[in-house]
Amino acid sequence: MKTEPTSSPTPHHNYPASDRLGRRDFLKKSLYTGAGLALSATPAAAAPPSKDLLPTRLLGRTKAKVTLLGLGTAPVGEGPIGLQEGIRIFGEALDRGINYVDTARIYGNAEEILGHLIPKRRDKLFLATKLSVHTAKDAERSLAESLRKLKTDHLDLLHIHSIGSKKLDRVLAPDGVLNYLIKQKEKGLIRFIGITGHNRPPNFLRMLQTKQIDVIMCVINYADRNIYDFESKVLPEARKQNVGCVAMKVYAGIKGGFRNHKKGYVGCATDPAYLPAALAYALDLKGVHLAVVGPYTVKQAIQNVEFARNYTPLSPDRKKQLLEHGTLLAKSLGPRYGPIK
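Since this is a predicted model, take the numbers as computed values, not measurements.

Rules behind the numbers
Residues numbered from 1 in each chain as written. Predicted model: local features only at pLDDT ≥ 70, side-chain atom pairs only at ≥ 80, totals over all residues. Heavy atoms only, no water. Helix = DSSP H or I, 4+ residues; strand = E, 2+ residues; numbered from the N terminus. Expected span 1.5 Å × (residues − 1). Buried < 20%, exposed > 50% of the residue type's maximum accessible area, 1.4 Å probe, protein only. Contact = heavy atoms within 4.5 Å. Core = buried A, V, L, I, M, F, W, Y, C linked by side-chain atoms within 4.5 Å. Pairing = 2+ DSSP bridges. Right-handed = clockwise from strand over helix to strand, strands pointing away. Axes fitted to C-alpha atoms, helices over the stretch in contact; angles between N-to-C directions. Parallel < 35°, antiparallel > 145°, perpendicular 65-115°, else oblique. Left-handed = near helix turned anticlockwise from the far one by under 90°.

Asks: Quick one: what's the story with helix 3 (residues 83–95), residue by residue and with numbers?
Replies: Between its terminal C-alpha atoms helix 3 stretches 18 Å, which fits the 18 Å expected from 13 residues at 1.5 Å a residue. Among the residues of helix 3, Gly86, Ile87, Ile89, Phe90, Gly91, Glu92, Ala93 and Leu94 are the ones counted as buried. Looking at the packing, one finds that the buried side of helix 3 touches strand 3 (69–72), helix 2 (74–78), strand 4 (100–102), helix 4 (110–114) and helix 12 (298–309). Backbone geometry just after helix 3 places Gly97 at a positive phi near 110°.

If you want it as structure tokens, here you go:
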């Protein structure tokens, strides 16, 4: 699973003329009616952190108070970006009030970078990482390494990574990773159990049937609702169980999908004019508690925080226009994260 970088200004996509006009109209509305920050309002990297607190929500049945925006760490970790610059990027986001941190053992040096920031902030953070394994034996090794890298003695949330690509019979076996996580939760080494993934919504439903999943993290955006559609296939069951839901790929992911996951510089699939509305779409959904976005630069880290700080629900007209744009975008994106079923 990869969290996506926010984009810096990129050339216009080759959309039909009618959609380009819609984009310009959308941007004008954002500029003049306060629907969201326009790119001209992007803060400078040198701007000091705002004293205004980021809005928070309760993360479902965990009852943890988390910020609307979570810090994604894959683009920096897999960049790879050097240690000191990575510390600077993550530090800027945390200093601006983000309290939810999402990482994974397989995100390059992301956990190592975070290990330089977490100890002094640990009691203020909700820390989540991931295991990309099937068995308890492998999970034990992965968890030990994550704790060592992150320089912490416990995790708030431990996900089974990329559940859409896992062999669920193995995951659910007596010596599988889920039983291992249940035992670690009982011991207090982890507080909550989660699953993440980009594809195969039915796998999420099967895992939710165990009633052991506290949080899900899945692809939710204005374009992929036409492809993977976690919104209608998984979110209703998560709401029913009061499972926390973290939206990822809210900017429709990195251009080119997984093949570019170590090329954060290419930017995301969403046109810059739509970024605030794309974030708002995900946060507007009933049952979604926050969105995780992974910056690749300090500028992007600051921009994402300002988008979240200024978040307001989309008006019906703006939502309609965004979804129309998403339908067109989805045709060019396709099922780039793997099988739908």
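Asks: Please give an account of the nonpolar core that cites residues and values.
Replies: Membership of the largest hydrophobic core comes to 107 residues, with the highest contact counts inside it found for Tyr100, Ile160, Leu181, Met207, Ile216, Ile220 and Tyr251. In terms of residue count, helix 11 (residues 275–284) provides more of this core than any other element does, eight residues in total.

Asks: Account for the pairing of strand 8 (residues 215–219), naming residues and giving values.
Replies: Within strand 8, five of the five residues are buried, which leaves the element mostly enclosed by the surrounding structure. Pairing of strand 7 (residues 190–197) with strand 8, which is carried by four bridges, proceeds in the parallel orientation. Bridge assignment links Thr196 to a residue of strand 8, and that residue is Met217. Between strand 7 and its parallel partner strand 8, the chain crosses via helix 8 (residues 201–208), and the hand of that crossover is right-handed. Inspection of the sheet shows strand 8 paired to strand 9 (residues 244–248) by five bridges, in the parallel sense. The partner of Cys218 across the bridge, within strand 9, is Ala247.

Asks: Could you give an account of the packing of helix 11 against helix 12, with specific residues and numbers?
Replies: With their axes 10 Å apart at the nearest point, helix 11 and helix 12 run at an angle of 55° to one another. Here helix 12 runs oblique to helix 11, going by the angle between their axes. As for how helix 11 packs across helix 12, the hand of that crossing is right-handed. Mapping the contact onto sequence places Leu275, Pro276 and Leu279 in helix 11 and Gln303, Phe307 and Ala308 in helix 12.

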